[in-house]
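# Overview (structure and organization)
Each chain, written out:
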Amino acid sequence: MKLAHVTLFEDFGTRSVTIHGLMVVTFANAILVGLFLEGQVGLVSFVALLNVTAGLWIAHSIHSLGNVAAGDEYSGVLNEIFDVGDGNSRRGFDAGRFGRLLGLIAVVTAVSLLTSAQALSGTVLSIAVVALGGIALVTAIIGFLIALGASYDGAQRETAANVERYAESTDVDGGHPTDQ
C-alpha cells in the first residue's frame, strides 16, 4: 500500500530538506526561549529544544553518510533549496561541501554558546559548553567523512569511465590502439 505522504519522503532530498526545516524550527525556538523565557520552564525548554536540534543534526549527518555511497543525485540542502548546481567534486577532496558544513557548524555553535551563556550558569553552563563542543566535533568528523566519501565515489566513477573508454578504443582483436 503506497500512501502519498509516505512516498513523498522516498527521495533523500525531500527528507533532507524536511529534516533541515525541523532543525531550523527547533533551533530558532531554542534561541528564542533561551533569550526571552526565564525561570525553570525557560531553562528546561531551552535545553530540550537544543537537544532535539542536536539529535536531528547528528542523526541526519549519519544518514547522509549512506546517501553518498548510494549515488543519489542529491547534492546538499543548499543546492536542493536554491538549485545552484550539482556540487559534485570531480577531482580531489570536496572542499566546498566540507567548507559549507564547517561554516554552518561554526555559526550554530557560536549562537548556541552565546545563548547558553545567557540562559545557563554554573555547572550547567560548563556541561552545555562541553556538550555543544562534542556535537560540533562529531558533526565536523561526519561532514569530513561525507565529503571524503563523495570525492572517493567521484574518483571511482571517473576511473570506471576511463577504463570503459579505453576498452571501447581497443581493436576487436584486443590490440592496443597504438598498435595500428
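Residues numbered from 1 in each chain as written. Predicted model: local features only at pLDDT ≥ 70, side-chain atom pairs only at ≥ 80, totals over all residues. Heavy atoms only, no water.

## Re the overall build of the protein chain
- The number of helices and strands found in the protein chain is six helices and zero strands.
- Helices and strands in the protein chain line up, N terminus first, as α-α-α-α-α-α.
- Counting over 180 residues, the protein chain shows a buried share of 29%.
- Across the protein chain, contacts joining residues at least 24 apart in sequence account for 69% of those joining residues at least 6 apart.
- On the protein chain, roughly 11,200 Å² of surface is accessible, and the fraction owed to carbon and sulfur atoms is 66%. (Helix = DSSP H or I, 4+ residues; strand = E, 2+ residues; numbered from the N terminus. Buried < 20%, exposed > 50% of the residue type's maximum accessible area, 1.4 Å probe, protein only. Contact = heavy atoms within 4.5 Å. Areas by Shrake-Rupley, 256 points an atom, 1.4 Å probe, with all protein chains shown as cover.)

## Let's talk about a nonpolar patch on the surface
- Together, L137, I141, F144, L145 and L148 make up an exposed nonpolar region whose accessible area comes to about 440 Å².
- Considering the arrangement of structural elements, one finds L148 in helix α6 (residues 122–169).
- The exposure class of L148 is partly exposed, given its relative accessible area of 39%. (Patch = residues over 30% accessible without salt bridge, like charges linked within 9 Å, V, L, I, M, F, W, Y side chains within 5 Å. Salt bridge = Lys/Arg side-chain N within 4 Å of Asp/Glu carboxyl O.)

## Quick look at the nonpolar core
- In this structure, F27, F46, L50, W57 and I105 are the most contacted members of the largest nonpolar core, which totals 16 residues.
- Looking at this core, the elements that each hand over two or more residues are α2 (12–36), α3 (39–70), α5 (95–119) and α6.
- The element that contributes the greatest number of residues to this core is α2, accounting for five residues.
- In this structure, F46 is in contact with A30, V33, G34, S112, T115, S116, A119 and L120, ignoring residues within four places of it in sequence. (Core = buried A, V, L, I, M, F, W, Y, C linked by side-chain atoms within 4.5 Å.)

## With respect to the confidence of the model for the protein chain
- For the protein chain, the average pLDDT comes to 75, and 69% of its residues sit at 70 or higher.
- Per-element confidence in the protein chain ranges from a low mean pLDDT of 50 for helix α4 (residues 77–82) to a high of 84 for α2.
- Low confidence marks residues 80–85, where pLDDT is under 50. Its contacts with residues over four positions away, or in another chain, come to ten contacts. (pLDDT = per-residue confidence, 0-100.)

## A short note on the side chain of S116
- On the secondary structure map, S116 appears in helix α5.
- Exposure remark for S116: the relative accessible area of 0% places this residue in the buried category.
- Among all residues touching S116, those that are not within four sequence positions of it are F46, L50, L125, A128 and L132.

## Side note on the environment of G55
- Checked against the element boundaries, G55 lands in helix α3.
- Between the alpha carbons of G55 and I135 there is a distance of 9.0 Å; along the sequence they are 80 residues apart.

## What about the environment of L56?
- Among the structural elements, L56 can be located in helix α3.
- Remark: the alpha-carbon pair of L56 and L22, spanning 34 residues in sequence, is separated by 8.2 Å.
- Dropping the residues within four chain positions of it, L56 is found in contact with I19, L22, M23 and T26.

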